[in-house]
Amino acid sequence: MYIKSLTRSVVKVSTGPLLVLASRHGNQRGLLSGTTSSTPQGTKSIPAVVTLPPHSLLPTNILWRSLLIATVSSHRALSAPSLAVLSFLSQPRSTLSSIEKNPVLYVLFKKTMYNYFCAGENEREVTSTIRGIKDMGFKGVILTYAREVVLDALTEEEIAIGAPEVKAEPDSSPSVSVDQVEVSSDESIEAWRSSVLETVRGSSLPEHIMLALQEVCEEAIRRKAKIFINAKQQFVQPGIDSVAMKLMKKYNRGGKAIIYNTYQAYLKCIPDALHKHLHQAQAEGFLIGVKLVRGAYINSEPRHLINDTEQVADDTYNHIAMELLSGRYRHLDPHGESRMPAMELFLATHSQESSLRAYEI
């Protein structure tokens, strides 16, 4: 008997057909039908299993919602008017067109667009979403905090959503010019702006920012969670890389990666950048966490930074993945003079080809 465990268990029995049993937390699911087969003991009824596709584990409402949004977003005749409607609703002119104030609109968008992209608005909803995902057989969930807020340093209460407040004098007329308007910028926003600029320039982050990051890392260790530092546009990426490497050196110890840095394979510079970081990890003796993606900023990056064709980007992704999964990269080798550092790899891809090729290694 040969058993291979993924989201499904594939069981090959020597006296019968290949059985594919979809598992859901250890409970086998399958559609059985009776067949006959000749054996030395005579003719016996052998149950045959109709193979269920992977998406059979998804709840029906999620399948319908995914089909709806995928259909609308992939057809220009549907996506253009849909985006126009969303743009109109994002700037409501009345209670009727306000998603927050109109209960019908709220439920409609909450059950479709919002729940498709977001885990929840509060801890209870996020916890429920995580539980639902794990009930489908997934062992882990990656969360991204997708809202930027400004907090009061003393009370830790939200005081703004990251935008400066524009104030006009009481006696100003509707035609007042921008130069005549007082712009009130919160000090915490200015601190955030300065920190971002320092990161962009490759400077060391202010001490309070590093302390906050270290606090997050220590909490992740306590909760046995992992932190994936997302990649951004190349304009800011050098600063992000610098911070990620410092955090990995401090926290990726004891044979476990807590921090992962993200590498976008559609960029021409990524093979060299990854090689440099692997060398640094080896020289400084820490475990490097690598999250490999194709990339997400193709519409906002300078064209000369991006691989010439989609095929080149695909080939770059697959080549890097294959080498790292084989325990080597360029001249770095487990048994050579230039040793590969300790590494943990996270492959993020929508490509079936990339997934299957990686699984075969």
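A brief look at the structure comes next. Only a predicted model underlies this, so the values are computations on that prediction, with no experimental measurement involved.

1. Points about the packing of aromatic side chains
Scanning the entire structure with this criterion turns up three aromatic pairs. Between Phe-228 and Phe-346, the ring centres sit 4.8 Å apart and the planes meet at 55 degrees, which makes this aromatic pair tilted. Within this pair, whereas Phe-228 is found in strand 11 (residues 227–229), its partner Phe-346 is found in strand 14 (residues 343–347), the two being separated by 118 residues in sequence. Taken together, the ring pairs connect Phe-228, Tyr-260 and Phe-346 into an aromatic cluster. We note Arg-294 situated over the ring of Tyr-317; from NZ or CZ to the ring centre the distance is 4.5 Å.

2. Some points on the environment of Gln-280
Structurally, the position occupied by Gln-280 is in helix 8 (residues 270–284). The class of Gln-280 is partly exposed, set by a relative accessible area of 27%. Gln-280 sits 35 residues away from Met-245 along the chain, and the two C-alpha atoms are 8.7 Å apart. Aside from chain neighbours lying at most four places away, what touches Gln-280 is Met-245 and Phe-286.

3. With respect to a nonpolar patch on the surface
A surface patch of nonpolar side chains, about 460 Å² in accessible area, is lined by Leu-83, Leu-86, Met-113, Tyr-116 and Phe-117. Residue assignment for the nonpolar patch shows that the elements contributing at least two residues are helix 2 (76–89) and helix 3 (103–117). Residue contributions to the nonpolar patch peak at three residues, all from helix 3. Locating Leu-83 in the fold gives a position in helix 2.

4. Examining unusual backbone geometry
You will see that Lys-224, though not glycine, has its phi angle at about 60 degrees, which is positive. Backbone geometry at Arg-330 places phi at a positive 55 degrees, although glycine is not the residue there. Classification of Arg-330 by relative accessible area gives partly exposed; the value is 41%.

5. Let's talk about the sheet that holds strand 11
Strand pairing in a sheet relies on backbone hydrogen bonds, with the paired strands running either antiparallel or parallel. Pairing within the open sheet is parallel, and its four strands lie in the order 11-12-13-14. In this open sheet, the two strands that pair with only one neighbour each are strand 11 and strand 14. Sheet twist, expressed as the mean angle between neighbouring strand axes with direction ignored, is 30 degrees. Against the sheet, helix 7 (residues 237–251) engages strand 11, strand 12 (259–264) and strand 13 (288–293), with an angle of about 150 degrees to strand 12.

6. Description of the pairing of strand 13
Burial of strand 13 is extensive: six of the six residues sit out of reach of the surface. Across the two faces of strand 13 the burial is the same, with Ile-288, Val-290 and Leu-292 and Gly-289, Lys-291 and Val-293 all buried. In terms of strand pairing, strand 12 meets strand 13 through four bridges, oriented parallel. Each bridged residue has a counterpart across the sheet, and for Gln-264 the counterpart in strand 13 is Val-293. Handedness of the strand 12-helix 8-strand 13 crossover: right-handed.

7. Looking at the packing of helix 8 against helix 9 (residues 310–325)
Relative orientation of the contacting elements helix 8 and helix 9 amounts to 20 degrees, with a least axis distance of 11 Å. In this view, helix 8 runs roughly parallel relative to helix 9, as classed from their interaxial angle. Judged by the twist between their axes, the crossing of helix 8 over helix 9 is right-handed. Touching Ile-270, Pro-271, Leu-274 and Leu-278 of helix 8 are Thr-316, Ile-320 and Leu-324, all from helix 9. Residue classes in the contact of helix 8 with helix 9 are distributed as six nonpolar, one polar and no charged.

Thresholds applied
- Residues numbered from 1 in each chain as written.
- Predicted model: local features only at pLDDT ≥ 70, side-chain atom pairs only at ≥ 80, totals over all residues.
- Heavy atoms only, no water.
- Phe/Tyr/Trp six-rings, centres within 6.5 Å; stacked < 30°, edge-to-face > 60°.
- Helix = DSSP H or I, 4+ residues; strand = E, 2+ residues; numbered from the N terminus.
- Lys NZ or Arg CZ within 6 Å of the ring centre and 35° of its normal.
- Buried < 20%, exposed > 50% of the residue type's maximum accessible area, 1.4 Å probe, protein only.
- Contact = heavy atoms within 4.5 Å.
- Patch = residues over 30% accessible without salt bridge, like charges linked within 9 Å, V, L, I, M, F, W, Y side chains within 5 Å.
- Areas by Shrake-Rupley, 256 points an atom, 1.4 Å probe, with all protein chains shown as cover.
- Salt bridge = Lys/Arg side-chain N within 4 Å of Asp/Glu carboxyl O.
- Pairing = 2+ DSSP bridges.
- Axes fitted to C-alpha atoms, helices over the stretch in contact; angles between N-to-C directions.
- Right-handed = clockwise from strand over helix to strand, strands pointing away.
- Parallel < 35°, antiparallel > 145°, perpendicular 65-115°, else oblique.
- Left-handed = near helix turned anticlockwise from the far one by under 90°.
- Nonpolar A, V, L, I, M, F, W, Y, C, P; charged D, E, K, R; others polar.

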